[in-house]
Every structure is written in C-alpha cells, then in structure tokens.
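Structure assessment
Okay, here's what each chain looks like letter by letter:
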Amino acid sequence: MYTLALETSCDETSAAVIRDGRHICSNIISTQVPIHRKFGGVVPEIASRQHIEYVMPIIKEALDEAGVDIHDIDHIGVTYGPGLVGALLVGVAAAKALSFALDKPLVGVNHMEGHIFANFLSHPELEPPFLALVVSGGHTQLVTIKDYNSFELLGQTRDDAAGEAFDKIARVMGYPYPGGPQIDALAKKGNPDAIVFPKALHEKHNFEFSFSGLKSAVLNYLHTQEQRHVGYSPEDVAASFQKTVVETLVEKTMDAARWSGMKQIAVAGGVAANSGLAAAMEAACAKRQYKLYRPDPILCTDNGAMIGCRAYYMAIDGRFADLTLNACPALSITTC
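Below, the structure is looked at part by part.

Analysis parameters
- Residues numbered from 1 in each chain as written.
- Predicted model: local features only at pLDDT ≥ 70, side-chain atom pairs only at ≥ 80, totals over all residues.
- Heavy atoms only, no water.
- Salt bridge = Lys/Arg side-chain N within 4 Å of Asp/Glu carboxyl O.
- Helix = DSSP H or I, 4+ residues; strand = E, 2+ residues; numbered from the N terminus.
- Buried < 20%, exposed > 50% of the residue type's maximum accessible area, 1.4 Å probe, protein only.
- Phe/Tyr/Trp six-rings, centres within 6.5 Å; stacked < 30°, edge-to-face > 60°.
- Lys NZ or Arg CZ within 6 Å of the ring centre and 35° of its normal.
- Axes fitted to C-alpha atoms, helices over the stretch in contact; angles between N-to-C directions.
- Parallel < 35°, antiparallel > 145°, perpendicular 65-115°, else oblique.
- Contact = heavy atoms within 4.5 Å.
- Nonpolar A, V, L, I, M, F, W, Y, C, P; charged D, E, K, R; others polar.
- Pairing = 2+ DSSP bridges.
- Disulfide = S-S within 2.5 Å.

Opposite charge on two side chains permits them to pair, given that their charged atoms come into close proximity. The tally for this structure, following the rule as stated, stands at 14 salt bridges. In this structure, Arg49 engages Glu45 in a salt bridge whose closest nitrogen and oxygen atoms are separated by 2.9 Å. Of this pair, Arg49 and Glu45 are both found in helix α2 (residues 44-66), four residues apart, which corresponds to roughly one turn of the helix. Accessibility expressed as a relative area gives 56% for Arg49, which makes it exposed. Classification of Glu45 by relative accessible area gives partly exposed; the value is 46%. In this structure, Asp255 and Arg258 form a salt bridge, with 3.7 Å as the shortest nitrogen-oxygen distance. With Asp255 and Arg258 both in helix α8 (residues 234-260), this residue pair falls three residues apart, about one helical turn. For Arg258, a relative accessible area of 48% translates into the label partly exposed.

So this is what it looks like as structure tokens:
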C-alpha cells in the first residue's frame, strides 16, 4: 500500500511516499529557513507563497525518487492542522485536488500526531502502548499512545512552547533563526549552574507546561546586565536556560510515565534533536529501566514521511476525509 503525504504546516514544504506505513520510499523536504532568517522568524504570508511555488514540484520529485507512478498511490495524506492557516491551506488544496482528479481516498492528519508517528519510521520494533513527549516550536505535550488510533492528551503548554522559548532567547542574544541549534551549541561550552532560572508548574502529577515565565526571567537577566553595563557569558546563559527547560521536560515525563504505568517513552518534534534533552532523557530512562525512542534527526523536523505514516494507520482504520476538509490552525490531539 502506497501513501502520498504532504506537509506544509509552517516553513517546510515536504512530500513523501510511504510503503505499508513504515517504509520510506522518498521524503523530499524544501526548507524556507534561509528566506525567513533575515526576519528573525517565520513570516506567514511569505511562507504561504513559497508553499504555492514549491508544492507541485516537490510532489513530482517525491514520486520520481520513489519510482512510483501517481496512479499507483492508494491514498493521499495531508496535514490539516495545527499550523499557520495560509500554509496549511496550500497543502490541503493540493491534496484535495489530487484526491478528486485521481479518485483516491483523502486522509486529514494532525501534525502533532505525525511527529509522534515519526518514531515508527525510525524504530520498526516500536509498538503501542507508550508515552510520547512532543516538543516543537509551537507545542509541548505529553500524550499516551494506547493504540495506533487511540490517544490521551495528559497535558500541554499553557503559553510558550519549549521550541518557541529557544528561538526567542536566541534572537534577543543576537543569534540567527532558528535559535534552537544555536542555544544547544552554546550550552555545550557553558556552565549550566551559573544562573538559576525559575521553573513553573512543578507540582507532582501536573503534566502541563509553562515557559513564558522562564523566557521573561532570561530576558530580564540579559537586560539587567546590559543596563548595568556588565557583561555576561552567552555560553553560561544558554547552558543555564537549556538546563532549566530540559529538567522541566524530563521531570514531567518521568512523572507521567510513573503515573500512567508506561515503560516505553518516545520523544518527538524539532526539540527532540536537542543534544541536552537527548542526554538527560537517556540517563533518566536508563535509571528507571524505561525504553527510550527518538526519531532520526531528519524526521524530527517537519516532514512528509511522518504524515504518511500516520495517514496509513488512519486509512487502514477507515478514517478518511471528504472534499470539505479544511485547514484547522488550532487543531488539538483528541483524547479517544
């Protein structure tokens, strides 16, 4: 069974062909990072226009690389939320057009569920149930994966997501977008105990997140040092900030694992590529004899392959969409 999948939720235009849910035949990703870097972040209108320009050539490239004729595709999966509404509409419109023209079933995929399912592509042995920590530029969530189509959202961020905080701190410190890799690289050279930053919502069995206070604390520290004409170590700031974020993520994940009885933990989303988070999560899981899963780095970013994997399991469960499918920028993972 071949799945053609499209992903256009933010600033990556991606198309992939997946065979039988877990084999990647092709996964073409066109990033807009160089375009948005000059603005310090993603400009929604520019992102939408770039998706319009790229989406059809990317689809053709994915089919060509997979060696699959478009008429051999069994169904078409597409991200319809959450994300930037204009960007989502491009992918949804392209998928609906192909579905109508080829008379192929359409599958609307939740972007965050796609991130979780990236783990199935990197780890063929992984099977539900497991606990997933999803950390990206726009979302931070803890989700129990009971089965391929049965999830429970335990908690999510009340304000800023972890990845968003990384980007904003990096930008204020003068580093280019995206900020996550910049902070990660700096943190390796700094002292994580140099500055104590606050943690929020750290009560036991509280599975929600909040990073706006931490972001404000870091910004206040930087501004105070500047106003006093006192220098600061970017490496120490990055290391201390990253330590606070990582400890928050790991502590809540371990608490959720104990509470839910899960022995398998999967990390997903762009921040899953952070070396500090990877090391801390590996140590915490090893201590408790939990099995840890993390996607390959290319599958941590937004990509069509993860959408194709999720679409496959929805398709075999008969969860198809019709041509009224629309973009849903605030779509959440549904407890089911």
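Within this structure, the stated rule accounts for 12 aromatic pairs. Between Phe166 and Phe241 the ring centres are 5.1 Å apart and the planes differ by 70°, which places this aromatic pair in the edge-to-face class. One end of the pair, Phe166, is in helix α5 (residues 162-172); the other, Phe241, is in helix α8, with 75 residues separating them in the sequence. Residue Phe241 is classed as buried on the basis of its relative accessible area of 0%. The ring centre of Phe209 lies 5.7 Å from the NZ or CZ of Lys252, which sits over that ring. Seen from the ring of Tyr293, Lys291 lies directly overhead, with NZ or CZ sitting 5.8 Å from the centre.

Here we come to the packing of α5 against helix α6 (residues 179-187). With their axes 7 Å apart at the nearest point, α5 and α6 run at an angle of 75° to one another. It follows from the interaxial angle that α5 and α6 lie roughly perpendicular. Here Phe166, Asp167, Ile169 and Ala170 of α5 lie close against α6, whose contacting residues are Gly179, Gly180 and Ile183. Looking at the contact of α5 with α6, its residues break down into four nonpolar, two polar and one charged.

Once that is clear, we can look at the sheet that holds strand β8 (residues 150-156). Ordered by their spatial adjacency, five strands build an open sheet running β8-β7-β6-β9-β10, and the pairing between neighbours is mixed. At either margin of the open sheet sits one strand with a lone partner, and together these are β8 and β10 (291-293). The mean angle between the axes of side-by-side strands here comes to 20°, regardless of whether they run parallel or antiparallel. Strand direction decides the pairing type here: strand β6 (residues 130-135) and strand β7 (residues 140-147), joined by six bridges, are antiparallel. Bridging from a neighbouring strand, Val134 pairs with Gln141 of β7. Contacts from helix α4 (residues 111-122) reach β6, β7, β8, β9 (264-268) and β10 within the one sheet, and its direction differs from that of β6 by about 120°.

As a further point, take the sheet that holds strand β3 (residues 23-31). Read across the open sheet, the five strands follow the order β3-β2-β1-β4-β5; overall the sheet is mixed. Strand pairing shows two members of the sheet lacking a second neighbour, β3 and β5 (106-110), which therefore form its edges. Sheet twist, expressed as the average angle between the axes of neighbouring strands with direction ignored, equals 20°. The pairing of strand β2 (residues 12-19) with β3 spans eight bridges and is antiparallel. The residue bridging Ala15 from the neighbouring strand is Ile28, located in β3. Along the sheet, α4 contacts β1 (2-7), β3, β4 (75-81) and β5; its crossing angle with β5, the most-contacted strand, is approximately 95°. Contacts between helix α11 (residues 304-315) and the sheet are confined to β1, β2, β3, β4 and β5, with β1 contributing the most and set at about 130° to the helix.

Inspection of the entire model under this criterion finds zero disulfides. Left unpaired, Cys309 is separated from the closest cysteine sulfur, that of Cys25, by 13 Å.

Before going further, it helps to spend a moment on the pairing of β1. Burial analysis of β1 places five of its six residues in the buried class, the great majority of the element. Here β1 runs beside β2; their pairing, made up of six bridges, is antiparallel. Residue pairing for β2: Leu6 is matched across the bridge by Ala15. Hairpin connection of β1 to β2: four residues between the antiparallel strands.

Of the consecutive residues Gly81 and Pro82, the connecting peptide bond is found in the cis state with omega at -10°. Take Pro82: it is sitting in the loop between β4 and α3 (85-102). Cis rather than trans, the peptide bond between Pro128 and Pro129 has omega equal to 5°. Of note in this structure, Asp103 is not a glycine but carries a positive phi near 55°. Among the secondary structure elements, Asp103 is positioned in the loop between α3 and β5. By relative accessible area, which is 69% here, Asp103 ends up exposed. Within the chain, Gln289 stands out as a residue other than glycine whose phi angle is a positive 60°. Structurally, Gln289 can be placed in the loop between α9 (275-288) and β10.

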